[in-house]
Amino acid sequence: MQKKLLSCLLTAVLAGSMLAGCGSSSGNTSSTADSVPAENKTEAVSEEGGAQEQSDPADNTAINATGTVYDLGGLKLPICDPGSVTLTYMGNDTWCAGVSYNDGTAVQKEIENRTGIHIEWDTYSSDVETVLQTRLASMEGLPDMVEIPPFDSNVGVDTYSSNGVLIPLNDLIEEYAPNIKALFEKYPALEAMCTSSDGNIYALAGWWGDINDYVPDYLYIRQDWLDNLGLEMPKTVDELYDVLVAFKEQDANGNGNPNDEIPMATKNGIKQLYYLMTGFGYDTNSLWYTDDSGKVHYAAVEDQYKEMLAFLNKCYSEGLISDDLDGTLLTQNITEDKVGIVCHDPADNMASSDDLARTSNPDCDYEFMPVIQADENGTARMTKRGLTWHYYGVTSACKNPEAAVQWIDYVYASQDGLMLYNYGIEGMSYEYDESGEIRFTDLITNNETYTSAFSALRSIGAWPTYFINDSGEAFMKIFEGTKVETACKEAYGNMENPFPEMLGTAEESEVYTSIWPDLSTYLDEMFTAFVIGTESLDNFDKYVETANSMGMQDIIDIKSAQYQRYQEIVGQ
């Protein structure tokens with residue numbers, strides 16, 4: 001009954017005064033209840049069914065269209081006279097086949113209904129970075145809001161803030177974005193990684209700081225293959241080697257052919273095998289790390305790393321690692337019931353791998369692996385995924401940055417917006433049970449087109465690619481009662497925070513962009529060469545010397561300076 005009462009309060013919020021600066025793109029503003037459609041002006045109803053007078057709710061609360069109250073921290077809806085403001089957004093399209101933001105999704109339409117702001121979407125599923133870089137470089141036809149290239153680093157923030165494409169958001173956030181301010185207070189690391197060296201915030205980082213407490217990203221293994229061969233789950237490097245040999249030689253998939261198994265394959269290229277570095281004395285599987293004194297290291301140019309390369313070379317030469325070096329054939333090989341261990345993949349992908357393999361083997365059972373140790377007394381932990389991923393900003397072409405920042409505040413940081421982001425729309429994708437717990441509907445759990453709950457949610461616009469802020473709680477709800485939930489709970493508390501990716505100074509960015517692309521390519525190529533044997537490990541010292549001559553120490557110095565700034569901002 002409480003929810004029914006609350007649902008009737010929607011108009012109280014809609015009729016409330018709106019924040020200043022939220023006018024149409026022509027400069028008109030709307031701040032009165034007259035802008036609310038008449039059909040939305042209803043009176044509250046008590047639990048007994050009688051009408052009662054209802055005052056406007058406090059400024060720090062609002063009620064969404066589903067009838068659930070969320071604290072919007074001072075942000076009122078709609079942001080402006082519905083339909084009076086149009087903003088443009090440019091970036092990645094959805095991660096759901098056959099669905100595009102350009103065509104509109106249920107969640108996008110619901111966001112427009114609640115905020116009053118219409119978004120014209122200009123999103124791409126391929127060649128996104130090229131399109132964005134061309135547009136931003138030309139300074140013509142800029143969108144109001146943009147996903148900032150290159151996506152695999154944060155150097156674009158400095159590039160496009162320096163040339164005037166991106167505007168500083170500090171004052172706008174202070175005045176118009178109470179939820180972003182609260183998010184920064186909750187996660188100082190996020191604010192640190194959004195803050196440029198001049199103290200300004202030119203872009204907001206996609207935030208994985210919450211979900212990454214729950215989502216381990218490591219290796220998973222065919223438990224049914226282990227059972228077929230009477231093997232235990234490997235926990236050390238030696239045990240892993242024995243399992244790989246058995247998978248190769250003993251017909252682990254039980255199809256009568258002892259020669260079609262691929263003991264281990266990688267998801268994102270052979271260089272991801274560095275995840276096994278915990279088996280060689282490293283505390284975590286992060287190439288960038290700090291020691292007990294706070295000194296910054298890059299593992300791939302250290303002598304200790306050579307031991308892992310020797311192990312991987314041995315495995316590769318014996319046919320224990322797939323020769324599909326870039327992972328192109330991984331999906332096909334899993335589908336054909338050939339892959340024993342998948343290296344470097346989030347725990348939730350076990351479920352989709354099961355679905356693939358069960359087309360050939362209904363007994364397929366991938367399970368998440370414990371962190372490989374050097375020996376039985378090892379205490380190494382896995383590294384969480386990066387805290388941030390992709391950046392988003394407001395451009396100098398935006399004529400209504402106040403409205404843009406308020407819209408971002410809603411979709412990126414408000415509880416109401418994040419309910420839409422992570423769960424979709426009540427009555428469509430989820431409902432509340434008698435105890436008040438969220439339960440996904442058949443649209444999500446029994447979707448005939450999208451068998452993955454993630455894909456089903458993305459098909460209606462949830463879990464989007466823009467202004468990322470993924471919820472660990474929502475993630476666990478999606479996989480409630482599954483082995484993914486079990487794996488995540490087992491890994492919870494056994495993960496280390498990743499090395500922070502801070503924004504550089506102009507000088508740092510210039511040095512970084514002049515060195516790192518070529519250097520990182522060289523490091524990756526040499527990793528592959530050492531593993532597959534086209535380069536002898538006798539030349540490891542020469543490899544390190546070459547890396548240093550290419551500027552490795554300069555990159556380490558930059559990372560060290562950025563790490564120091566991070567420590568200062570987060571107060572550690």
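Residues numbered from 1 in each chain as written. Predicted model: local features only at pLDDT ≥ 70, side-chain atom pairs only at ≥ 80, totals over all residues. Heavy atoms only, no water.

Asks: Looking at this structure, I do not really get the overall build of the chain. What am I missing?
Replies: When helices and strands are counted, the chain shows 22 helices and 17 strands. Of all 572 residues assigned to the chain, the portion counted as buried reaches 56%. For the chain, the share of sequence-separated contacts (at least 6 apart) that also reach a separation of at least 24 residues comes to 74%. For the chain, the exposed area adds up to about 24300 Å²; of that, 45% sits on carbon and sulfur atoms. (Helix = DSSP H or I, 4+ residues; strand = E, 2+ residues; numbered from the N terminus. Buried < 20%, exposed > 50% of the residue type's maximum accessible area, 1.4 Å probe, protein only. Contact = heavy atoms within 4.5 Å. Areas by Shrake-Rupley, 256 points an atom, 1.4 Å probe, with all protein chains shown as cover.)

Asks: Please clarify how the sheet that holds strand E8 (residues 262-266) should be interpreted in this entry.
Replies: Whenever strands of a sheet pair, they do so through backbone hydrogen bonds, lying parallel or antiparallel. The strand order across the open sheet formed by four strands is E8-E11-E7-E12, and the pairing between neighbours is mixed. Edge positions in the sheet fall to E8 and strand E12 (366-368), since each has one partner strand and no second. The mean inter-strand angle of the sheet, taken between neighbouring strand axes irrespective of direction, is 25 degrees. Sheet analysis places strand E7 (residues 217-222) next to strand E11 (residues 339-346), joined by five bridges and oriented antiparallel. In the strand pairing of E11, Asp-217 is matched with Pro-346. (Pairing = 2+ DSSP bridges. Axes fitted to C-alpha atoms, helices over the stretch in contact; angles between N-to-C directions.)

Asks: What am I meant to see in empty space enclosed by the protein here?
Replies: Any space left empty among the atoms is revealed by the rolling of a water-sized probe across them. Inspection of the entire model under this criterion finds one cavity of 30 Å³ or more. The space that makes up the largest cavity amounts to roughly 50 Å³. Around the largest cavity sit Val-107, Ile-111, Val-411, Gly-417, Leu-420, Tyr-421, Gly-461, Ala-462, Pro-464 and Tyr-466, which together line it. It is helix H15 (residues 415-423) that provides the largest number of residues to the lining of the largest cavity, a total of three residues. The residue makeup of the lining of the largest cavity, split by class, is eight nonpolar, two polar and no charged. (1 Å grid on protein atoms, 1.4 Å probe; cavity = no way out; pocket = protein on both sides within 12 Å on 5 of 7 lines; lining within 4 Å. Points joined across faces, edges and corners; volume = space filled by probe spheres on them. Nonpolar A, V, L, I, M, F, W, Y, C, P; charged D, E, K, R; others polar.)

Asks: Which parts of the structure should I look at to understand the confidence of the model for the chain?
Replies: Interpreting fine coordinate detail is not advised for predicted regions of low pLDDT. Averaged over the chain, the pLDDT score is 87; the fraction of residues at 70 or greater is 87%. When the criterion is pLDDT under 50, residues 1-21 qualifies, and its contacts beyond four places in sequence or with other chains add up to 60 contacts. Contacts for the low-pLDDT stretch residues 23-71, under 50 throughout, to residues beyond four places or in other chains number 96 contacts. (pLDDT = per-residue confidence, 0-100.)

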